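Residues per chain, in single letters:
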Amino acid sequence: MPELPEVETYRRFIDETSLYQTITEVEVQDPKRQLQVDLDDFRKVLRGNQFTGTQRIGKQLFLLTAQGPIVTMHFGMTGDVGYYRDAADTPRFARAIFHFETGFKFAFIDSRKFGRLGLTQSVDTFRQQKKLGPDALTLSTEELTQGLARKKSAIKPLLLDQRIAPGVGNWIADEVLFQAQLEPERPAHTLQPTEIDRLATSIREVLEIAAEAIYRDFPSHYLIHAREWDEAPSSTITNAHLNCPRCQMLIQKKYVGGRATYFCPNCQM
DNA sequence: CAGATTGTTAGGAG
DNA sequence: ACTCCTAACAATCT
C-alpha cells in the first residue's frame, strides 16, 4: 500500500541507514520480473559504489550514487524497506538485498512482486520518459488545472494518473474527493475553477496529514475511517457500512475505473 | 477457499 | 495519433 507518504518515509529511512557505505554485493531474487536492467550491469554499476542521497517524485524513489548512475525504485503495492545485519534477520519477502562492507544490508521487500528496480542517468531524464507530473505534495491549482485540461473521463481515475498528480493512490484519491466534496465519477471537464482549486487544496492537505498521521490517528472527519472496517480483524461482513463523518449518511462503495471507491452520496457532488 | 486487494501498463476500442 | 477504458500482472490475506 505504499502511497506518497510511505515512500517519503522509506526515503528518509534510506537516508538514515544506507548512505556512504560501500556496496559489496547485490542480490535480486527475480530479476526477470523486478529488475528493469540486466542483473550483471546492475551489479557492475553498484559493486564498489555508494549511495549518496535520495530523491522522490510521487511514489517513485531515486537512490543517487557516488559514481553517477541512479537506482530507481518503485514499491508497487506491497513494497517496503528493511535494514539489518544478521542473515537470520533477513525480512520475509526480501526481493533485493544490497550488501554493504560494514556488514549491514539494505533490503527491498515486496511480497507481491509488483515493485520495480532499475537504473537511470538522471532524475530529469527519467521524469520525462515516464511523463511524471509535478509531485502531488506541492501540486498547485494551476498545475492541476493544466493536468485536467480537456480530460473527459471521471475525476478519480485521473487523480490516479501519475502524469497528473504522482503520489496519489487509491485510498488517498477517495479521501481527497471526500474532503473536496466531489463525486468520484464527475467528468473532469465539468469541474469549475473553484472546484479544481478545492481539489488541489485537498490533495496537499490530505498528503500532509497522511505524512504525519499513523493510520488510525487520522482526523475524525476523514473518510478513511469508513473504509477501515473492511480490514478490521473482527469484521467478517463484506458489505458493512460506516457513516459519513460529515452528514452521517451511509458511506457507499462502488467501482470507479476498476478500483474500489468509497464515497458519501450526500456530500459529494 | 474464492474473492478482494494494490499501482501500473499493455493493448483494444473508439 | 490521440483519448479512454479494461484487464492483467503476483501473491497474500480474509
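Just so we're clear, the structure is a prediction, and the values are computed from it rather than from any experiment. (Residues numbered from 1 in each chain as written. Chains lettered and ligands numbered in written order. Predicted model: local features only at pLDDT ≥ 70, side-chain atom pairs only at ≥ 80, totals over all residues. Heavy atoms only, no water.)

Participant: Kindly report on the UniProt feature "domain: Formamidopyrimidine-DNA glycosylase catalytic" (unreviewed entry) in chain A, identifying the contributing residues and their values.
Facilitator: As recorded in UniProt, the sites labelled "domain: Formamidopyrimidine-DNA glycosylase catalytic" (unreviewed entry) are residues 2-115. Helix and strand shares over residues 2-115 are 23% and 38% respectively, and the end C-alpha atoms of the span are 10 Å apart. (UniProt positions renumbered as here; feature names shortened; annotations may be inferred. Helix = DSSP H or I, 4+ residues; strand = E, 2+ residues; numbered from the N terminus.)

Participant: Please give an account of the domain arrangement of chain A that cites residues and values.
Facilitator: Assigned domains of chain A: these are domain 1 (4-130) and domain 2 (136-263). Domain 1 and domain 2 are separated by 30 Å when their C-alpha centres are compared. Taken together, the contacts link 8 residues of domain 1 with 13 residues of domain 2. Interface area for domain 1 against domain 2, summed over the two sides, is near 700 Å², with a carbon-plus-sulfur share of 63%. Taken as a group, Leu4, Pro5 and Lys59 account for 61% of the area that domain 1 buries against domain 2, more than any other trio of residues on that side. Counting across the interface, domain 1 meets domain 2 through 0 salt bridges. The tally of links between domain 1 and domain 2 comes to 2 residue pairs in polar contact (both at pLDDT 80 or more). (Domains from an automatic or database assignment. Contact = heavy atoms within 4.5 Å. Buried area = accessible area lost by both parts, 1.4 Å probe. Salt bridge = Lys/Arg side-chain N within 4 Å of Asp/Glu carboxyl O. Polar contact = N/O pair within 3.5 Å; in protein donor to acceptor, adjacent residues only side chain to side chain.)

Participant: Just give me the short version of the protein's contact with DNA strand B, but keep the residues and values in it.
Facilitator: If you check the shell around DNA strand B, you find 17 residues, and the closest are His74, Met77, Arg112, Tyr255 and Arg259. Restricting attention to atoms of DNA strand B within 4 Å of the protein, one finds that 53% of them are sugar or phosphate atoms. Interatomic distance of 2.6 Å between a side-chain N/O atom of arginine 112 and a base oxygen of DNA strand B. Tyrosine 255 is positioned with one of its side-chain polar atoms (N or O) 2.3 Å from a phosphate oxygen of DNA strand B. Tallied by class, residues from the surface near DNA strand B come to 4 nonpolar, 5 polar and 8 charged. (Near = heavy atom within 4 Å. Nonpolar A, V, L, I, M, F, W, Y, C, P; charged D, E, K, R; others polar.)

Participant: Tell me about the protein's contact with DNA strand C, and name the residues and values.
Facilitator: Taken together, 13 residues are adjacent to DNA strand C, and Arg33, Phe93, Lys113, Lys152 and Ser153 come closest. Close to the protein, within 4 Å, the atoms of DNA strand C are drawn from sugar and phosphate at a rate of 61%. In the model, a base oxygen of DNA strand C is placed 3.1 Å from a nitrogen or oxygen of the arginine 112 side chain. Note that a phosphate oxygen of DNA strand C is positioned 2.8 Å from one of the backbone N or O atoms of lysine 152.

Participant: I'd like a rundown of helix α7 (residues 170-179), residues and numbers included.
Facilitator: Working note: α-helix, 3.6 residues per turn, so residues spaced by three or four point in the same direction. Judged by how many residues are buried, α7 sits mostly within the fold: 9 of 10 residues are covered. Buried residues of α7: Trp171, Ile172, Ala173, Asp174, Glu175, Val176, Leu177, Phe178 and Gln179, and no others. With its phi angle positive at about 55°, glutamine 181 sits one or two positions after the end of α7. (Buried < 20%, exposed > 50% of the residue type's maximum accessible area, 1.4 Å probe, protein only.)

Participant: Talk me through the pattern of salt bridges; I want residue IDs and the actual numbers.
Facilitator: Should the charged atoms of two oppositely charged side chains come close, the side chains can pair. All told, the structure shown has 15 salt bridges when counted by the stated rule. Between lysine 254 and glutamate 183 there is a salt bridge, with the nearest N and O atoms lying 3.5 Å from each other. Highlighted residues: lysine 254 in strand β9 (residues 252-256) and glutamate 183 in the loop between α7 and α8 (193-212), separated in sequence by 71 residues. When its relative accessible area of 25% is taken as the criterion, lysine 254 is described as partly exposed. By relative accessible area, which is 17% here, glutamate 183 ends up buried. We note a salt bridge from glutamate 195 to arginine 186, for which the minimum N-O separation is 2.7 Å. Each member of the pair, glutamate 195 together with arginine 186, is buried.

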